Amino acid sequence: MKVERKPSSKGDNYRDIPPLLTLFGLFLLLLLFTGEAFGVNVTSQTQVVRGTVGREALLSVSYSSSSSDRPVIKWQVKKDKVKPVTVVQSIGTEIIGNLRPEYRNRILVFENGSLLLHNLQLSDEGAYEVEISITDDTFTGEHYIKLTVDGIQTNFFQCQNLTSR
């Protein structure tokens, strides 16, 4: 007696996969192995920057993208549990829009997305977030850096010597 075998209905045969789905899967694998990304990747060597009142602090980042277009760079700061405040927005290094009064003449945005704050104030302390986006890219890159600001320390003995003269 001969038993006839029926094809499996569980879809374990590669011929059961629609051709379009197969092409899509191959495309995803190609992206995975080539490292190409449809987005901006933002990186930084540091997560915390320590500054001193009156000095400057560099919030250093860099980004990579497959696009050659100029990036839109947006820095925001969040203090305590307050809603984030935009520090600066730029296209490349060109600042767009109006700066808040407390940041005028105190900031510089670099081509790599880094932010330089001059004349630090205690009120500059907070969690800074940079968002970098490029028109051609699907995803926006972001990174967080915490800035702490120390007050100026005076030497007690120097002050005492000046007042005792």
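Criteria and cut-off values
- Residues numbered from 1 in each chain as written.
- Predicted model: local features only at pLDDT ≥ 70, side-chain atom pairs only at ≥ 80, totals over all residues.
- Heavy atoms only, no water.
- Helix = DSSP H or I, 4+ residues; strand = E, 2+ residues; numbered from the N terminus.
- Buried < 20%, exposed > 50% of the residue type's maximum accessible area, 1.4 Å probe, protein only.
- Pairing = 2+ DSSP bridges.
- Salt bridge = Lys/Arg side-chain N within 4 Å of Asp/Glu carboxyl O.
- Polar contact = N/O pair within 3.5 Å; in protein donor to acceptor, adjacent residues only side chain to side chain.
- Contact = heavy atoms within 4.5 Å.

- Identification of the protein as Immunoglobulin V-set domain-containing protein from Ataeniobius toweri is taken from an unreviewed UniProt entry.

### Notes on unusual backbone geometry
Working step 1: Phi is positive for aspartate 80, close to 50 degrees, though the residue is something other than glycine.
Working step 2: Assignment of secondary structure puts aspartate 80 in the loop between strand S5 (72–78) and strand S6 (85–91).
Working step 3: Judged by relative accessible area, aspartate 80 falls into the exposed class, the value being 74%.
Working step 4: The phi dihedral of asparagine 105 is positive, around 60 degrees, even though this residue is not glycine.
Working step 5: With respect to the secondary-structure elements, asparagine 105 resides in the loop between strand S7 (94–96) and strand S8 (107–109).
Working step 6: Note on asparagine 105: relative accessible area 78%, which makes it exposed.

### Re the pairing of S5
Working step 1: Of the strand pairs in this sheet, S5 and S6 are connected by six bridges, and their pairing is antiparallel. Its bridge partner lying in S6, lysine 74 is registered against glutamine 89.
Working step 2: Linking two consecutive strands that pair antiparallel, namely S5 and S6, is a turn of six residues; a positive phi of about 50 degrees is found at aspartate 80 within it.
Working step 3: Relative to strand S10 (residues 126–133), S5 runs antiparallel, the two sharing seven bridges. Each residue of the ladder has a partner; that of valine 72, found in S10, is serine 133.

### Examining the pattern of salt bridges
Working step 1: Evaluation of the coordinates by the stated rule reveals four salt bridges.
Working step 2: Aspartate 150 is the partner of arginine 50 in a salt bridge, and the nearest nitrogen-oxygen pair spans 3.0 Å. Taken together, the residues arginine 50 in strand S2 (residues 48–52) and aspartate 150 in strand S11 (residues 141–150) connect sequence positions 100 residues apart.

### What to know about the side chain of serine 114
Working step 1: Along the chain, serine 114 turns up in the loop between S8 and strand S9 (115–117).
Working step 2: Polar side-chain contacts of serine 114 include one of 2.9 Å to the backbone nitrogen of valine 61.
Working step 3: Those residues in contact with serine 114 that lie beyond four places of it in its chain are Leu58, Leu59, Ser60, Val61, Trp75, Leu108 and Val109.

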